[in-house]
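Next come the chains, spelled out residue by residue.
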Amino acid sequence: MIKNNSILTFFICLIVLTVSCATEFGRTVIHQPDEYRHVYEAKEKAILNAIARVIKEKDIGVNARVDYENSFVDSDYKVTGDWRTKAQARVQRLNWKENEVALSVITERQTKTGWEMRRLLQKEQYDNLFSEIDLRIYEEMSKIE
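The sections below set out a description of the structure shown in this document. Note that the structure is a prediction, hence the values are computed from the model and not measured.

Calculation notes
- Residues numbered from 1 in each chain as written.
- Predicted model: local features only at pLDDT ≥ 70, side-chain atom pairs only at ≥ 80, totals over all residues.
- Heavy atoms only, no water.
- Axes fitted to C-alpha atoms, helices over the stretch in contact; angles between N-to-C directions.
- Helix = DSSP H or I, 4+ residues; strand = E, 2+ residues; numbered from the N terminus.
- Parallel < 35°, antiparallel > 145°, perpendicular 65-115°, else oblique.
- Left-handed = near helix turned anticlockwise from the far one by under 90°.
- Contact = heavy atoms within 4.5 Å.
- Nonpolar A, V, L, I, M, F, W, Y, C, P; charged D, E, K, R; others polar.
- Salt bridge = Lys/Arg side-chain N within 4 Å of Asp/Glu carboxyl O.
- Buried < 20%, exposed > 50% of the residue type's maximum accessible area, 1.4 Å probe, protein only.
- Phe/Tyr/Trp six-rings, centres within 6.5 Å; stacked < 30°, edge-to-face > 60°.

1. Notes on the packing of helix α2 (residues 44–57) against helix α3 (residues 123–142)
The geometry of α2 relative to α3 is characterised by a closest axis approach of 8 Å and an angle of 125° between their N-to-C directions. The orientation of α2 with respect to α3, classified from their angle, is oblique. Helix-helix and strand crossings are classified by hand; for α2 and α3 the assignment is right-handed. Within the contact between the two elements, α2 uses A46, I47, N49, A50, I51, R53, V54 and E57 and α3 uses L129, E132, I133, R136, I137, E139, E140 and M141. Taken together, the residues of the contact of α2 with α3 sort by class into 9 nonpolar, 1 polar and 6 charged.

Below you can see the structure in the form of structure tokens.
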């Protein structure tokens with residue numbers, strides 16, 4: 001009986017904590033988009049293609065464009081209700097085997113005064129995106145060119 005009460009108490013606390021955090025979702029107004037960085041051991045072309053695939057697969061933006069000359073990936077806004085989201089990424093060569101990716105997911109909410117940039121993703125979500133990009137890089141590298 002004590003074990004069942006402990007489990008029930010745990011789930012009630014978990015639900016209360018989740019509900020209390022839900023009101024903060026998307027409330028933080030920012031003036032510059034967040035940018036997180038990650039280093040990969042791969043060629044720029046494979047990284048750029050992988051980023052474009054992740055943007056498309058995760059539905060972060062629409063019409064992801066790869067600029068191989070400037071090592072940049074950009075998408076158009078995906079509008080859903082009164083929210084819109086797009087992604088941008090820059091790849092910078094660090095040395096002969098490493099490239100650094102600077103990724104920004106820009107999320108805006110429609111208000112009476114126009115579009116306001118909001119923080120929707122935290123570091124953990126960016127880490128998940130970087131892991132997904134890592135998987136796509138290996139897929140790109142395994143393609144026969």
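2. Thoughts on the pattern of salt bridges
Following the criterion strictly, the structure yields 21 salt bridges and no others. Measuring nitrogen to oxygen at the nearest pair gives 2.7 Å for the salt bridge that ties E139 to R53. A residue pair is termed long-range when its members are at least 10 positions apart, and E139 in helix α3 and R53 in helix α2 qualify at 86 residues. Residue E139 is classed as partly exposed on the basis of its relative accessible area, which comes to 33%. Of the charged contacts, one joins R84 and E108 as a salt bridge, the two residues approaching to 2.6 Å between their closest N and O atoms. You can see R84 sitting in strand β5 (residues 83–93) and its partner E108 sitting in strand β6 (residues 99–111), a full 24 residues away along the chain. Since its relative accessible area comes to 19%, R84 is described here as buried. Here the salt bridges share partners, and the residues they tie into one network are R53, E57, E132, R136, E139, E140 and K143.

3. Quick notes on the packing of aromatic side chains
Applying the stated criterion across every chain, the model contains 1 aromatic pair. Look at Y36 and Y126: their rings are 4.4 Å apart centre to centre, the planes differ by 35°, and that puts the pair in the tilted class. Placement of the pair is Y36 in strand β1 (residues 36–40) and Y126 in helix α3, with a sequence separation of 90 residues. Residue classification places Y36 among the partly exposed residues on the basis of a relative accessible area of 24%.

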